[in-house]
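Structure assessment
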Amino acid sequence: EYPTMGTGDFRNSALIIRNHDESECCDLRYVSHEIRQGKYGLPGLPAVYAKDEEAQSLEIILEDSASKVQVHLLYGVLEEEDIITRSVQIMNLGTGKIVVEKAASACLDFVNGEYDLVTFYGRHAMERNFQRTAITHASHMIGSRRGTSSHQYNPAVIVAGQDTTEENGNCYGMVFVYSGNFMCEAERDQYEQTRVLMGLHCDLFHYPLEPQETFTVPETILCFSAEGFGGLSVKYHRCIREHICRGRYRDNIRPVLVNSWEAAYFQFNGETILQLARDAAELGIDMVVMDDGWFGKREDDNSGLGDWQVNESKLGCSLGELIRKVNDTGVKFGIWIEPEMVSEDSNLYREHPDWAMQIPGRKSVRGRNQLVLDFSREEVRKQIFEEICGVLDQGNIEYIKWDMNRSMVDIFSSTNFQGKVAYDFVLGVYDFLEKLMEKYPNILIEGCSGGGGRFDAGMMYYTPQIWCSDNTDALDRLRIQYGTSFFYPMSVIGAHVSAVPNHQTGRSISLHTRGVVAMTGAFGYELSLDKLSVEEKAQIKEQIRQYKEYEDLICRGEYYRLSNPFRDSCAAWTHVSKGKDRVLVHVVMLENHGNMTVSYVRLRGLLPDVVYEEVKSRQRYYGSALMEAGIPMPVELGEYHAYQLEFRITK
Ligand code: GLA
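A few points on the structure. Everything quoted here is computed from the prediction, not taken from an experiment.

This paragraph deals with the overall build of the protein. Of regular secondary structure, the protein possesses 13 helices and 33 strands. By the compact-globule yardstick of 26 Å for 651 residues, the protein fits well, its C-alpha radius of gyration being 25 Å. Considering only C-alpha atoms, the protein reaches an extent of 75 × 65 × 45 Å along its principal axes. Burial status across the protein gives 62% buried among its 651 residues.

Spelled out as structure tokens, the structure:
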């Protein structure tokens, strides 16, 4: 269950302890165990939560008798959800200091069989691409050394039988509930056994524990499906939606918002935002979000971060006045912040250069021209918290977009032990977010990190919505949202309709298709509304009406992938209501050729023996026919046609 270094198991280990005498050995033996009703919680860390009657916890205590290092293996069982969580607490009960050099929270040992590892790699603006590789006689490793969970690999993997498909076969999921450096290792050994570990990255990590101190390894959520990847996703969606996401917006309808970023970038004033609000009101958009550029000296990304004072001369009025005017149009107001960062050209940096993480004597590595604040230090967090509260208290702010726009390189603290900084930084971010949620329980916080660079279950505990990607191109989004859907529920996926030609790819796709693609998550717009034609405005009004009608189905229904957009001639997915009586199908055609063959989309998750009616055409089909034969998609001239079909059980 928890293999350690120095005991004769030569495979990848879950735990490496450097003892007081510098030896690296920890021979854990059973001491006791306890089963309790309810789900354990973790100090300072996000974790699956449940009502006492919904969960049980098992705690197994192990000890290394020589060093008196105790390890508590924590298991949470949510039987109804078919979920097992694992976490680990490491306690130094000896008399000298030890160092935790490596710590995983979950280990799966498969004694036989051949397996594939499914991972989700990516880059800025192209996150979470599906990759499936055989676990061979080698150690396969993915992870992040970037300080955040990162665009590069998502901290969630699937171990699948080699014949497992979307609909059939066994697969095991491992989702790390953490937003910093992580590592997943998969290895097939010389006896054909497979081991998969999920935990903290061992690079940039040497966590000292003085006698009586405890270290907690972030949680991994485990799940198994015998119904292929589709079955696994349904269970993870429910678990994350109902047992990770918290706050008022966990279950409430999210506001349809328009964000100023792709509409105006840094070039706006109060009137720009107000005009966006007036146009939003006319179209039925609920909220306007003022993105980057409203504070300090911030006309581009070279300066201003850390100075959380409203730039009233840019806005042409106080923030309070702007919010009042926006609210007077009937539209809510949201704001962008990036609390973990500092620009060298800022008053904050001039006052506290040591608050930025930089290694003395070395040239700092900048990302987007900015440095990272040392959020492992409480005083740093405290001041930024107070300044941000000072802004939030200026008016009726109902939404925050919390951004984090660079990877961490110079991990260094002038007050902390260096091997702790990367982990303590993440706990600092969590502490800040927890305090923010406590003080402003009605504010919806949307996470963001250069788009989807911190799209993980850890952040979802604080931010029930995360901007999925800075890439708003509908075609690319189909792939990004496909990869994202393997673990994360639709309610978390921030998805907006943006202008064409698209700012990231230059591609022009119809407004209808852009709307259908964005309707896979927390829906919104990211474009300048006053440039829209009368017809486009009418179309947008209709999109919003439709989205509101389908919101519950999209955000809280069961989601199934119906095709693979990396491979198939169309991208298709569906949202099925709990009672399976309402079904929404979305299809985007990806290919068009001369004398085009018909694409059939086979539905999933329906009741086979009842008759469903497609709402517009009033055509009727048995559930089994829709699932086995599928619906033929029309062959039309042109590219990327999108279809939205609703089916209901006929009475
Ligand atoms: C990041 C975000 C964008 C936008 C900019 C602002 O790139 O992902 O959506 O907020 O920052 O600087």
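Anyway, onward from the coordinates.
Below, the discussion takes up a nonpolar patch on the surface. On the surface, Val-598, Tyr-600 and Val-635 cluster together into a nonpolar patch covering about 290 Å² of accessible area. Following the sequence through the fold, Tyr-600 ends up in strand S29 (residues 600–601). In this structure Tyr-600 comes out as exposed when scored by relative accessible area, which is 52%.

Scanning the entire structure with this criterion turns up eight cavities of 30 Å³ or more. The calculated volume of the largest cavity comes to roughly 100 Å³. Per element, the largest residue contribution to the lining of the largest cavity is four residues, and it comes from helix H10 (residues 474–484). The class makeup of the residues in the lining of the largest cavity is seven nonpolar, three polar and two charged. In this model, the second largest cavity occupies a volume close to 90 Å³. Here the lining of the second largest cavity is built from residues that sort into six nonpolar, five polar and two charged.

Here we take up helix H1 (residues 228–243). Count 3.6 residues to each turn of an α-helix, and residues three or four apart come out pointing the same way. Relative to the 22 Å expected for 16 residues at 1.5 Å per residue, H1 spans 23 Å between its end C-alpha atoms, a close match to the ideal helical length. For H1, the tally of buried residues reaches 14 of 16 residues, placing the bulk of the element in the interior.

Side chains that differ in sign of charge can pair as their charged atoms come close. What the rule picks out here adds up to 57 salt bridges. Across the pair Lys-39 and Glu-219 runs a salt bridge whose closest N-O atoms are separated by 2.8 Å. You can see Lys-39 sitting in the loop between strand S2 (29–37) and strand S3 (56–64) and its partner Glu-219 sitting in strand S15 (residues 214–225), a full 180 residues away along the chain. For the pair formed by Lys-39 and Glu-219, the shared burial category is buried. Close ionic contact of Asp-116 with Arg-132 constitutes a salt bridge, the shortest N to O distance being 2.8 Å. Of this pair, Asp-116 sits in strand S7 (residues 115–123) while Arg-132 is found in strand S8 (residues 126–134), placing the two residues 16 residues apart along the sequence. Judged by relative accessible area, which is 30%, Arg-132 ranks as partly exposed. Sharing partners across several salt bridges, the network here consists of Glu-542, Arg-545, Glu-549, Arg-582, Glu-646 and Arg-648.

If you trace the eight strands once around the closed barrel, you get S16-S17-S18-S21-S22-S23-S24-S25, paired in parallel fashion. Neighbour to neighbour, the strand axes of the sheet diverge by 30° on average, direction disregarded. As defined by bridge partners, strand S23 (residues 465–467) adjoins strand S24 (residues 493–498) across two bridges and the pair is classed as parallel. Looking across to S24, one finds that Trp-467 is bridged to Gly-494.

This part takes up the packing of helix H7 (residues 378–392) against helix H8 (residues 418–439). Where H7 contacts H8, the axes come no closer than 11 Å and their chain directions differ by 30°. The angle between the axes of H7 and H8 places the two elements in the roughly parallel class. By crossing handedness, the relation of H7 to H8 is classed as right-handed. Residue-level contacts link Arg-381, Ile-384, Phe-385, Cys-389 and Leu-392 of H7 to Gly-428, Asp-431, Phe-432, Lys-435, Leu-436 and Lys-439 of H8. Class assignment of the residues belonging to the contact of H7 with H8 gives a composition of six nonpolar, one polar and four charged.

On the basis of which strands lie adjacent, the open sheet formed by six strands has the order S26-S27-S28-S33-S30-S31 and antiparallel pairing. Each edge of the open sheet is held by one strand with a lone partner, namely strand S26 (558–561) and strand S31 (620–622). Strand-to-strand twist of the sheet, defined as the mean angle between neighbouring strand axes without regard to direction, takes the value 25°. Direction of pairing for strand S27 (residues 570–576) relative to strand S28 (residues 582–589): antiparallel, over a ladder of seven bridges. Residue pairing across strands places His-575 opposite Leu-584, the latter belonging to S28. Relative to the sheet, helix H12 (residues 534–556) contacts S26, S27, S28 and strand S33 (642–649), its axis offset from that of S28 by approximately 100°.

Two measures describe an aromatic ring pair: the distance that separates the ring centres and the angle between the ring planes. Taken as a whole and assessed by the stated rule, the structure comprises 38 aromatic pairs. A ring pair is formed by Tyr-236 and Phe-487, whose centres lie 5.4 Å apart and whose planes are at 70°; its orientation type is edge-to-face. Placement of the pair is Tyr-236 in helix H1 and Phe-487 in the loop between H10 and S24, with a sequence separation of 251 residues. Members of the aromatic cluster, connected to one another through ring pairs, are Phe-120, Phe-130, Phe-229, Tyr-236, Phe-455, Tyr-482, Phe-486, Phe-487, Tyr-488 and Phe-566. The residue whose ring lies beneath Arg-128 is Phe-455, and the NZ or CZ to ring-centre distance is 4.3 Å. Sitting over the ring of Phe-486, Arg-561 keeps its end group 3.6 Å from the ring centre.

Two measures define how a pair of helices packs: the angle their axes make with one another and the distance between the axes. Viewed as axis vectors pointing N to C, helix H11 (residues 511–518) and H12 meet at an angle of 20°, and their least axial separation amounts to 11 Å. Judged by the inter-axis angle, H11 sits roughly parallel to H12. Regarding H11 and H12, the two cross each other, and that crossing is right-handed. Facing H11, whose interface residues are Leu-511, His-512 and Gly-515, H12 presents Glu-536, Gln-539, Ile-540 and Gln-543. Tallied by class, residues from the contact of H11 with H12 come to two nonpolar, four polar and one charged.

Calculation criteria
Residue positions within a chain follow its written sequence, with the count starting from 1. Given that the model is predicted, a residue must reach a pLDDT of at least 70 before its local features are reported, and side-chain atom pairs must reach 80 or more before they are shown or counted; all residues, however, enter totals for whole chains, interfaces and linings. Neither water nor hydrogens contribute to the side-chain values; these are computed over all heavy atoms in the structure. Starting at the N terminus, helices and strands are each numbered in turn, a helix being any DSSP run of H or I of at least four residues and a strand any DSSP run of E of at least two. To get the radius of gyration, use the C-alpha atoms; to get the globule rule, take the number of residues to the power 0.38 and multiply by 2.2 Å. In this scheme, a residue with accessible area under 20% of its type's maximum is buried, one over 50% is exposed, and one in between is partly exposed, where area comes from a 1.4 Å probe on protein chains only. The residues that make up patches have over 30% relative accessible area and no salt bridge, and they are joined within 9 Å when like-charged or within 5 Å when they are Val, Leu, Ile, Met, Phe, Trp or Tyr. We get accessible surface area from the Shrake-Rupley algorithm with a probe of 1.4 Å; when it comes to residues, only the shown protein chains can shield them. The salt bridge definition used is simple: a Lys or Arg side-chain nitrogen within 4 Å of an Asp or Glu carboxyl oxygen. Here a cavity denotes grid points, spaced 1 Å and computed from the protein atoms alone, that fit a 1.4 Å probe unable to get out, and a pocket denotes an open set having protein on both sides within 12 Å along at least 5 of 7 lines; residues with an atom within 4 Å of a point are the lining. Grid points are joined across faces, edges and corners, and a volume is the space filled by probe spheres set on the points. All amino acids are sorted into three groups, where Ala, Val, Leu, Ile, Met, Phe, Trp, Tyr, Cys and Pro are nonpolar, Asp, Glu, Lys and Arg are charged, and the leftover types, Gly among them, are polar. Take the number of residues in a helix, subtract one, and multiply by 1.5 Å to get its expected span. Note on pairing: two strands pair once DSSP finds at least 2 bridges between them. Angular values range over 0 to 180 degrees, each being the angle between N-to-C directions of two axes fitted as lines to C-alpha atoms, with helices fitted over their stretch in contact. For classification, angles of less than 35 degrees are called roughly parallel, those exceeding 145 degrees roughly antiparallel, those between 65 and 115 degrees roughly perpendicular, and all remaining angles oblique. Crossings are assigned a handedness: left-handed for a near helix turned anticlockwise from the far helix by less than a right angle, right-handed for a clockwise turn. Pairs of residues are marked as contacts when any of their non-hydrogen atoms sit within 4.5 Å. Only the six-membered ring of Trp is used, alongside the rings of Phe and Tyr, when aromatic pairs are assigned; centres must lie within 6.5 Å, and planes under 30 degrees apart are stacked while those over 60 apart are edge-to-face, with the rest tilted. Here, a charge over a ring means that NZ of Lys or CZ of Arg falls within 6 Å of the ring centre while also lying within 35 degrees of the ring normal.

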